[in-house]
Amino acid sequence: MTTDQMILFALFVAIFALLLWGRFRYDVVAFAALIVAVIVGVVPQETAFSGFGHPATIIIALVLVVSRGLTNSGAIDYIARFFVDQGRSVAAHIAVMSGLGAGMSALMNNVGALALLMPVDVQAAEKAKRSPAITLMPLSFATILGGMITLIGTPPNIIISSYRASELGEPFKMFDFAPVGLACTLAGVAFIALIGWRLIPKAAREREPRRALLDIATYLVELSLDEGSKSIGKTIRELDDSGHEHDIAVVAVVRGGVRLPQYARHLRLLADDVILVETPAQSLDRFVNDMELSYAQSEEAERRVPVGRVRSRDNEAETTKDGALTLFEAVVREGTLADGRTAQALRLHSLHGVWLVGISREGRTITTRVRNIRLLPGDILLLMGPEERVQQTVDWLGALPLAGRGLSVTDRGRAALAGGLFAVAIALASLGLLYLPIALAAVTILYVVLNIVPLRQLYDTIEWPVVVLIGSLLPIGAALEQSGGTELLARGIVDLAQGAPAWAILTLIMVVTMTLSDVLNNTATAVIAGPIAVGVAKAIGVNPDPFLMAVAVAASCAFLTPIGHKNNTLIMGPGGYRFGDYWRMGLPLEIVVIAVSVPTILIVWPL
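Description of the structure in this document. Note that the structure is predicted; figures quoted are calculated from it, not measured.

This next bit is on the overall build of the chain. A count of helices and strands for the chain gives 27 helices and twelve strands. By residue count, 56% of the 607 residues in the chain fall in the buried class. Sequence separation of at least 24 residues holds for 78% of the intrachain contacts in the chain that already meet a minimum separation of 6. Looking at the chain as shown, the accessible area adds up to about 24600 Å², and 59% of this sits on carbon and sulfur atoms.

Under the counting rule described, the total for this entry stands at seven salt bridges. Residues D273 and R255 are paired through a salt bridge, measuring 2.8 Å at the closest nitrogen-oxygen approach. Note that D273 is positioned in the loop between β3 (258-259) and β4 (274-279) and R255 in strand β2 (residues 249-255), a separation of 18 residues in sequence. For R361, the salt bridge is made with D379, and the minimal N-O distance between the two is 2.6 Å. Taken together, the residues R361 in strand β9 (residues 355-361) and D379 in the loop between β10 (364-366) and β11 (380-385) connect sequence positions 18 residues apart. The exposure class assigned to R361 is buried, which follows from its relative accessible area of 18%.

On to the pairing of β2. As paired strands, β2 and β3 are joined by two bridges and run antiparallel to one another. In the sheet register, V254 faces β3, and the bridge partner there is R259. Counting the residues between successive antiparallel strands, the hairpin from β2 to β3 contains two residues, one of them, G256, with a positive phi of roughly 60°.

Turning to helix α6 (residues 110-127), a few remarks are in order. Three or four residues apart is the spacing at which side chains of an α-helix point the same way, because the helix has 3.6 residues per turn. Between its terminal C-alpha atoms α6 stretches 26 Å, which fits the 26 Å expected from 18 residues at 1.5 Å a residue. The largest bend in α6 comes to about 35°, at L117, with the proline P119 one to four residues further on. Of all 18 residues in α6, 15 are buried, a share of seventy percent or more. For α6, the capping residue at the N-terminal end is N109, with a side-chain oxygen 3.1 Å from the backbone nitrogen of V111. K129 sits one or two residues past α6 and shows a positive phi near 60°.

Estimated volume of the second largest pocket: approximately 1200 Å³. As for the second largest pocket, its lining consists of 49 residues, of which Y26, E334, D339, P377 and I563 are closest to the centre. No other element matches the four residues that helix α1 (residues 3-21) contributes to the lining of the second largest pocket. Of the residues in the lining of the second largest pocket, the class split is 24 nonpolar, 15 polar and ten charged.

Along the chain, the position of A203 falls in helix α10 (residues 202-205). On the basis of relative accessibility, which here comes to 47%, the residue A203 falls in the partly exposed class. Spatially, the C-alpha atoms of A203 and Y577 are 9.4 Å apart, while their sequence positions differ by 374 residues.

Here we come to the nonpolar core. With 138 residues, the main nonpolar core has M118, Y447, V536, F547 and Y577 as its most contacted residues. Membership of the second largest hydrophobic core comes to 19 residues, among which are A330, A343, I373 and L381.

With that out of the way, let us pick up the pairing of β11. When you tally the buried positions in β11, you get six out of six residues, the bulk of the element. Residues I380, L382 and M384 line one face of β11 and the alternating positions L381, L383 and G385 line the opposite face, and both faces are buried. Pairing of strand β8 (residues 326-331) with β11, which is carried by six bridges, proceeds in the antiparallel orientation. The partner of T326 across the bridge, within β11, is G385. Alignment of β9 against β11, held across five bridges, turns out to be antiparallel. Residue S360 lies in a different strand from β11, and its bridge partner there is I380.

Definitions and cut-offs
- Residues numbered from 1 in each chain as written.
- Predicted model: local features only at pLDDT ≥ 70, side-chain atom pairs only at ≥ 80, totals over all residues.
- Heavy atoms only, no water.
- Helix = DSSP H or I, 4+ residues; strand = E, 2+ residues; numbered from the N terminus.
- Buried < 20%, exposed > 50% of the residue type's maximum accessible area, 1.4 Å probe, protein only.
- Contact = heavy atoms within 4.5 Å.
- Areas by Shrake-Rupley, 256 points an atom, 1.4 Å probe, with all protein chains shown as cover.
- Salt bridge = Lys/Arg side-chain N within 4 Å of Asp/Glu carboxyl O.
- Pairing = 2+ DSSP bridges.
- Expected span 1.5 Å × (residues − 1).
- Bend = angle between axes of the 7 residues up to and from the residue.
- Polar contact = N/O pair within 3.5 Å; in protein donor to acceptor, adjacent residues only side chain to side chain.
- 1 Å grid on protein atoms, 1.4 Å probe; cavity = no way out; pocket = protein on both sides within 12 Å on 5 of 7 lines; lining within 4 Å.
- Points joined across faces, edges and corners; volume = space filled by probe spheres on them.
- Nonpolar A, V, L, I, M, F, W, Y, C, P; charged D, E, K, R; others polar.
- Core = buried A, V, L, I, M, F, W, Y, C linked by side-chain atoms within 4.5 Å.

Next up, the structure:
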């Protein structure tokens, strides 16, 4: 083993360890590894940032924009409206929603497909009076499966296609993945609808985290006494007596930043005092108006509710909006503004006039000191404030709203235009008349010019952490291959198989890749496993295509954990799932995928 190989192996081990630890975001880990590789000399300086101009990186970014355009135009909602029926049985509902999710994921980003269908599924569960945990995991798994069908369905397919172009001189085409991907998707959706959902633990199927979060009866709210308030001069006891009429209890008083002792209830209130009250949401506005109080603006507030007066973001004047109280649920997405930050750090109230009043995490409701809790992907946030402000805040945070979109299309011409432009681009790329990145770039430009994707949304739509991850790992992967490291690993796998037939080695590659994908980012898994698969194929003297296709399928199969794929993370909060709930349906599904994909690969892509 050479020095360069040892350094690169050490870097990859460090990357794996840090990704598993989860303390730092994957794009930071990958970029830091790239810089270290350049500094120590294993990645040449002139190719350090070549990954950011790689076709795979460009295609993934453009697919995200095109997906946003299809969503904005209503094209996807227009399709979905014909499939949604609240009266179906559980199995029938899962079959229809899973089939729809898989079909959408074949032609758009699978996270986007889940984001569109999850609110529909949650509302269907609510109307049917069943836990959303029964249907959300099947929907998530189906959207992951559907991504296998086309080149643009999932990042691993794009990575593998680009690697084939550099290794064999020609990439996989748009529908080269379809025979194997479609077979796996059909078998997987059938399994999910008939058997899989029944394997979800009974305890998980009985959890209803949204209902528990919305059933919070009272909130702790800080109110302040401004100059001229009629409450100035009253004793705490007198204010407490008035509060009883509104079913409100005065919990404490803060003066000069110091909480007064409980026995000081005979003291008279002064201007700028802050009182902490426990209140039902519907009683607060009346109490605030009757006692001439206002909502505390201090950073020390633990939980506050924006009813009654809200501070305008455009000016310093306060306006009264009686009855403006709105509860709104949204799910934290990985890599967005909310991920890893607290409500206090986000300054939700001072910037947007919105309060975070509750969090649901893995089915457990958190209602105390929520402003200081670091938010995690999959958390359900219960936000409160004027409806327009709350919805703007959800968009600003990059969270996924759990409110339905209504499944209505107001401009069918706009939907047809967006869908038509996309279909033409795919057709031109599939026929080889236009290079796929150019075709997608042309659609992106037209979407922006036609305002299907407003310019202000363009850059927010792209998942920059994924772009940084791919751009950073591609040069490191190339360096490992050029150093002979992948060939060394391939020989090790062949030696381990000890003369086993090629189909058995291909199956082993799939199992190893699936295992990596369940704990690592699927894109990173494809970058690492692709060169190794080609090395194994060359070592045993067979066609590399079936091995590349096996890696593409396996890298997309992250069903055992909530961290292997973003879709699994997104459903964790709304479904109330725990870490150990996924493998019960996920493990049999991965076995089904292997059982179907291996013979299909060998038929379509002979050794």
